[in-house]
Each structure stands twice: as structure tokens, then as C-alpha cells.
Amino acid sequence: MGTSPEKKSSDHIAVIGGGWAGCTAAVSLAQAGRRVSLFEASRILGGRARRVEIDGRTLDNGQHILLGAYRATLQLMKTVGIDAGKTLLRLPLQMRYPAHTDGMDFVAPHLPAPLHVLLALIKAKGLTRDDKMALARFSTTARWMGWQLHEDCSVAELLERYEQTERLTRLMWAPLCIAALNTPPQRASAQVFLNVLRDSLGARRAASDMLIPRTDLTSLFPQQAARFIGRHGGDVHCGHTVDSITSLQGRWQIRFKQNDQPASFDGVIIATGPEAAADLLEGIGDTASLRALDYEPITTCYLQYPAQVRLDQPFYALPDNPQQAAWGQFVFDRGQLSVDSSSADAGLLAVVVSAAGDAIAQGHAALTEGITIQLAQQLRNPLLTTPLWSKVISEKRATFSCMPGLLRPDNSAMPPGLALAGDYVAGDYPATLEAAAQSGIKAAELFL
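Residues numbered from 1 in each chain as written. Predicted model: local features only at pLDDT ≥ 70, side-chain atom pairs only at ≥ 80, totals over all residues. Heavy atoms only, no water.

Caption draft 1: How the structure looks around the overall build of the protein chain. Scanning the protein chain for helices and strands turns up 15 helices and 20 strands. For 448 residues, the compact-globule estimate of 2.2 N^0.38 gives 22 Å, and the protein chain sits close to it at 22 Å. Across its three principal axes, the protein chain shows a C-alpha extent of roughly 70 × 50 × 40 Å. For the protein chain, with 448 residues in total, the buried portion stands at 57%. Long-range contacts, defined as pairs at least 24 residues apart, comprise 69% of the intrachain contacts of the protein chain with a sequence gap of at least 6. The positive charge centre, built from 42 side chains, and the negative charge centre, built from 43, are 6 Å apart in the protein chain. (Helix = DSSP H or I, 4+ residues; strand = E, 2+ residues; numbered from the N terminus. Rg over C-alpha atoms; globule rule 2.2 N^0.38 Å. Buried < 20%, exposed > 50% of the residue type's maximum accessible area, 1.4 Å probe, protein only. Contact = heavy atoms within 4.5 Å. Lys, Arg positive; Asp, Glu negative; His and termini not counted. Charge placed at Lys NZ, Arg CZ, Asp CG, Glu CD.)

Given below as C-alpha cells:
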């Protein structure tokens with residue numbers, strides 16, 4: 001981006017979009033002493049990772065897992081005054097299936113890397129000797145390669161190339177790929193998958209830890225970010241939809257759908273979704289890479305049972321079987337996750353279906369029925385077929401489809417005074433909260 005090298009602390013920067021990328025950019029600017037205004041079309045901050053109010057309940061528009069490797073996200077939470085030790089449940093790297101299923105039980109101990117993975121592999125239940133040797137071979141080879149491919153390919157091709165067993169692929173690699181990239185292994189980028197493994201399995205032990213939110217996603221960061229921005233002289237406007245941006249005498253004019261009066265700024269960070277960003281940039285910059293992105297849905301099925309219903313642990317991986325409408329891939333016990341032990345979330349289970357296009361094709365009722373039958377069978381509890389209440393929340397464009405060799409948008413050709421931020425902006429990671437945070441920081445740095 002061709003911004004002037006002499007940026008002044010008096011510059012007024014607008015951030016369009018109050019998701020995690022936009023909130024990150026605004027916090028970074030405010031922390032550096034810049035005057036910043038954040039505009040969000042919705043009434044709630046958080047974008048595709050936010051709180052929703054449904055039937056008098058506070059839920060999330062999708063269940064998330066963070067990783068200890070999410071350094072930018074964790075640092076931002078600390079910056080705005082969030083105690084991650086209280087708001088995130090930290091668990092060791094694990095892939096645990098219910099005991100009565102044909103699954104596996106893999107839990108990393110608290111040992112230095114890479115001993116934690118090695119011992120977890122030795123002690124893992126449900127894997128044959130061939131499975132364990134295949135995993136060890138893959139991990140060793142990936143480290144030797146520096147987690148880098150000469151040419152990108154699909155995750156399925158990568159696993160076949162390194163002779164990963166069918167069972168290990170089905171129980172570990174495929175669920176990890178779908179959870180991390182929200183793209184099936186047959187069309188997911190092997191290089192991006194390796195990037196995630198590099199920073200988790202291939203880094204220090206704590207980087208591989210799984211961090212599960214114990215509060216709603218808006219409270220987890222965006223809400224505190226807004227307060228931080230306000231304390232540092234900035235302002236946050238929810239319910240403000242930006243209609244257009246235009247250049248005028250070296251500044252940027254923003255028009256809102258709610259108001260005919262434009263506002264003028266020294267710079268603008270566009271932190272909306274790709275399509276909205278392309279609409280705002282039409283006629284100003286190159287929008288081809290933004291409009292070329294394909295998308296993958298994520299669905300979360302919330303099921304309320306009597307308060308005494310409780311999993312043996314905070315979450316399980318689930319063997320999915322689309323042919324039998326067993327769509328669930330992970331189930332979370334929201335009652336165990338809540339900070340408040342007397343929470344109304346007691347007995348509330350959240351079942352996640354990533355890359356959920358086929359799952360939602362038959363409608364929410366059919367999806368819910370298939371998942372409740374799946375839970376009853378795999379958790380050996382017939383009561384789970386009849387929840388007291390249920391709700392399916394689908395984000396149809398939750399993430400971009402993370403395909404091999406994908407050319408993602410970046411800021412290299414943006415007009416002076418404009419920058420993009422979002423989990424889809426070019427970077428090492430797939431569409432995750434960490435990718436959003438990293439992009440927000442990088443966009444803000446262009447104005448510092």
C-alpha cells in the first residue's frame with residue numbers, strides 16, 4: 001500500500017467492520033496513539049465469531065477452539081485486559097473419542113516438545129502399531145522438510161504420499177484438517193495444513209494446547225476491545241453500514257446507509273467480509289481476488305438436555321458418517337465450559353459440523369435428528385435422542401475454501417490510504433481467529 005512514510009499521530013483512521021480483524025486493527029491503532037473510529041453494520045461486535053441472542057439464550061454463532069500457538073490473539077486479549085486463564089479452558093493436545101466407539105484416545109502429556117507428542121503416540125489407545133509408525137514417520141519427515149512443500153497439493157495427496165494409514169487418516173488427520181481449514185482433505189491446501197501443524201505440533205508444547213472459550217465470543221475479545229478503544233480516545237459505532245468510500249483531496253470520504261452526511265478520514269482499513277470489501281473497492285482497486293474466493297459453511301447444533309446431562313470431559317471428537325446422517329464431528333459440553341458453575345448452560349451440548357454443505361442440504365430438522373441419534377448411539381445414552389430444546393446455527397460463508405495454491409488478496413496493490421484486514425487476507429494461516437488478528441495488526445502497521 002502506498003501510504004505516506006510520515007504518518008502523524010493526529011491522523012484519523014476509520015476501520016470498517018467490527019469482527020476480530022477490525023477490532024484488532026482498531027486496538028493496534030489506538031494503542032499507538034492514533035485516533036480511530038470503528039464502524040460495524042451489526043448491533044453486536046465479533047463478525048463471524050460473535051454472541052447471538054436466541055429464545056432468551058446467549059449462544060455463539062459457532063463453537064470455536066483456539067490454539068496455544070495463537071500468539072497474536074492471546075497478546076491482544078492481554079492488551080485489552082482479558083485474563084485468558086479465566087476466559088479460556090486450556091487443555092493438552094488431544095483427539096479423544098467416546099469410549100464405546102471405534103475411535104482413538106490420544107492425549108499429550110505435559111512434557112517438552114517433541115516428547116509430548118512421542119509419549120502421547122506411544123500411550124495412544126485405538127491405534128495399531130502401523131498407525132503409530134505412520135504418524136511418527138509423517139511428523140519426522142515434516143520436521144526434516146521444515147514444514148515446507150516445493151509445490152502445494154491437497155491434504156489427501158500429502159497423506160497418501162507419506163503412506164498414512166486409512167485409520168489414522170480417518171480418526172486424526174481428516175478431523176484436524178477439517179477443524180483447522182474448514183475444507184475437506186480432498187481439496188484442502190497441504191501447505192496451509194503444514195503451517196498449522198508447524199506452529200502447534202512442531203513448536204513448544206504449550207503451542208499445541210487447545211484453548212476453549214468459557215465465555216461468549218463477543219465477550220472474549222471484541223467487547224473489551226471496544227472499551228479499550230474508547231479509553232484511548234477512539235469511538236465505536238455499531239449499527240452503521242458503510243455504503244461507499246471515495247477519495248477526495250488526499251482524504252477518504254465514507255458514506256453510510258443510515259446518513260447522507262459523509263465522514264472524512266486520513267485512512268481507511270476495510271475489515272469486512274470479502275464480498276462487502278469488493279463492493280466498497282469497486283472502481284477503486286483490484287477486486288478480482290476478492291470475488292474469486294469460494295466459501296465453506298460451518299454449522300453448530302445446540303441441544304438442551306436436563307441439567308444433570310454431562311459429558312465425561314469438556315469435549316469429544318465424534319466418528320461422523322454422512323451416509324447415516326451422523327454429521328457431528330465434535331461435541332462440547334457448554335455446562336462444563338461456563339465460567340459460572342451454576343450457569344444456565346448446564347445440560348447444553350454444542351455439536352460442530354465443519355465444511356457443512358451436505359449436512360445442511362436436507363434442512364435443520366433432518367440435521368438435528370441425525371445428530372441426536374448419533375449422540376445417543378455413540379455416548380450410549382438413549383435420552384439424547386429427545387432434547388428439551390434445539391437450535392441449528394449455520395454460517396453459510398464461515399470461511400474461504402482453503403484450496404491448494406490459492407492466491408489470496410493482499411495489500412500490495414491497494415490505493416494509498418487504504419488497507420484490507422480479514423482472515424482471508426494472504427498469510428500462513430487458514431481462516432481462523434489468529435489469521436484475523438494477524439491481518440488486523442499488519443493493516444494497522446501500514447498506518448504507523
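Caption draft 2: Examining helix 7 (residues 166-181) more closely. Along helix 7, the helix axis deviates most sharply at tryptophan 173, where the bend reaches about 35°; the proline proline 175 sits within four residues downstream. With respect to burial, helix 7 is a largely interior element, twelve of its 16 residues being buried. Buried residues of helix 7: Arg167, Leu168, Leu171, Met172, Trp173, Ala174, Pro175, Leu176, Cys177, Ile178, Ala180 and Leu181, and no others. Backbone geometry just downstream of helix 7 places asparagine 182 in the positive-phi region, at approximately 50°. (Bend = angle between axes of the 7 residues up to and from the residue.)

Caption draft 3: Spatial organisation of the nonpolar core. Grouped together as the largest cluster of nonpolar side chains are 128 residues, with contacts concentrated most on Phe106, Trp173, Phe221, Ile254, Ile269 and Leu420. Those residues in contact with leucine 420 that sit more than four places away from it in its chain are Ile270, Ala277, Leu281, Leu290, Pro409, Asp410, Asn411, Met414, Val425 and Ala443. Listed in part, the 22 residues of the second largest apolar core include Leu349, Ala359, Ile371 and Leu384. (Core = buried A, V, L, I, M, F, W, Y, C linked by side-chain atoms within 4.5 Å.)

Caption draft 4: Up close: the packing of aromatic side chains. This model, assessed by the stated rule, comprises nine aromatic pairs. The interplanar angle of 50° and the centroid separation of 6.3 Å between the aromatic rings of tyrosine 70 and tyrosine 429 together place this pair among those described as tilted. In this pair, tyrosine 70 sits in the loop between strand 5 (66-67) and helix 2 (71-79) while tyrosine 429 sits in the loop between strand 20 (418-420) and helix 15 (433-445), placing the two residues 359 residues apart along the sequence. Assessed through its relative accessible area of 8%, tyrosine 70 is described here as buried. Pairing phenylalanine 315 with phenylalanine 330 gives two aromatic rings, centres 6.3 Å apart and planes at 45°, and the pair type is tilted. Of this pair, phenylalanine 315 sits in strand 16 (residues 315-317) while phenylalanine 330 sits in strand 17 (residues 330-333), and the two are 15 residues apart along the sequence. (Phe/Tyr/Trp six-rings, centres within 6.5 Å; stacked < 30°, edge-to-face > 60°.)

Caption draft 5: The side chain of arginine 167, seen in detail. Among the structural elements, arginine 167 can be located in helix 7. Every residue in contact with arginine 167, bar those within four places of it in the chain, is listed here: Asp102, Gly103, Gly126 and Asp131.

Caption draft 6: Representation of the sheet that holds strand 16. Taken in spatial order, the five strands line up as 16-17-18-15-19 in an open sheet, and their pairing is antiparallel. Strands with a single pairing partner mark the edges of an open sheet, and in this sheet they are strand 16 and strand 19 (389-400). Geometrically, the sheet is characterised by an average inter-axis angle of 15° between neighbouring strands, direction not taken into account. Across seven bridges, the pairing between strand 15 (residues 295-304) and strand 18 (residues 348-354) is antiparallel. From the neighbouring strand, leucine 303 faces strand 18, where its bridge partner is leucine 349. Strands strand 15, strand 17, strand 18 and strand 19 of the sheet are contacted by helix 14 (residues 364-378), whose axis makes an angle of about 60° with strand 15. (Pairing = 2+ DSSP bridges. Axes fitted to C-alpha atoms, helices over the stretch in contact; angles between N-to-C directions.)

Caption draft 7: Fine view of the pattern of salt bridges. Under the criterion given, the structure shown has 17 salt bridges. Across the salt bridge formed by arginine 51 and glutamate 53, the nearest N and O atoms sit 3.7 Å from each other. For arginine 51, a relative accessible area of 16% puts it in the buried group. Across the pair arginine 170 and glutamate 166 runs a salt bridge, and its minimum N-O distance is 3.0 Å. Here the residue arginine 170 and the residue glutamate 166 both occupy positions in helix 7, the gap between them amounting to four residues, near one helical turn. On the basis of relative accessibility, which here comes to 36%, the residue arginine 170 falls in the partly exposed class. Here the salt bridges do not stand alone but share partners, grouping Arg51, Glu53 and Asp216 into one network. (Salt bridge = Lys/Arg side-chain N within 4 Å of Asp/Glu carboxyl O.)

Caption draft 8: Local environment of unusual backbone geometry. The omega torsion across alanine 113 and proline 114 is 0°, close enough to zero to call that bond cis. With respect to the secondary-structure elements, proline 114 resides in the loop between strand 8 (105-107) and helix 4 (115-123). At glutamate 163, a position not held by glycine, the phi torsion is positive, near 55°. For glutamate 163, the location among the structural elements is in the loop between helix 6 (155-161) and helix 7.

Caption draft 9: Representation of the environment of serine 139 within the structure. Within the secondary structure, serine 139 is located in helix 5 (residues 129-144). Judged by its relative accessible area of 18%, serine 139 falls in the buried class. For the pair serine 139 and threonine 73, spaced 66 residues apart in sequence, the C-alpha to C-alpha distance is 26 Å.

Caption draft 10: Focus on the side chain of glutamate 40. Mapped onto the elements, glutamate 40 comes out in strand 2 (residues 35-40). Despite being buried, glutamate 40 has no salt bridge partner; arginine 50 is the closest side chain of opposite charge, sitting 7.1 Å away. A polar contact is formed between the side chain of glutamate 40 and the backbone nitrogen of glycine 18, at a distance of 2.6 Å. Here serine 42 takes part through its backbone nitrogen, which lies 2.8 Å from a polar atom of the side chain of glutamate 40. (Polar contact = N/O pair within 3.5 Å; in protein donor to acceptor, adjacent residues only side chain to side chain.)

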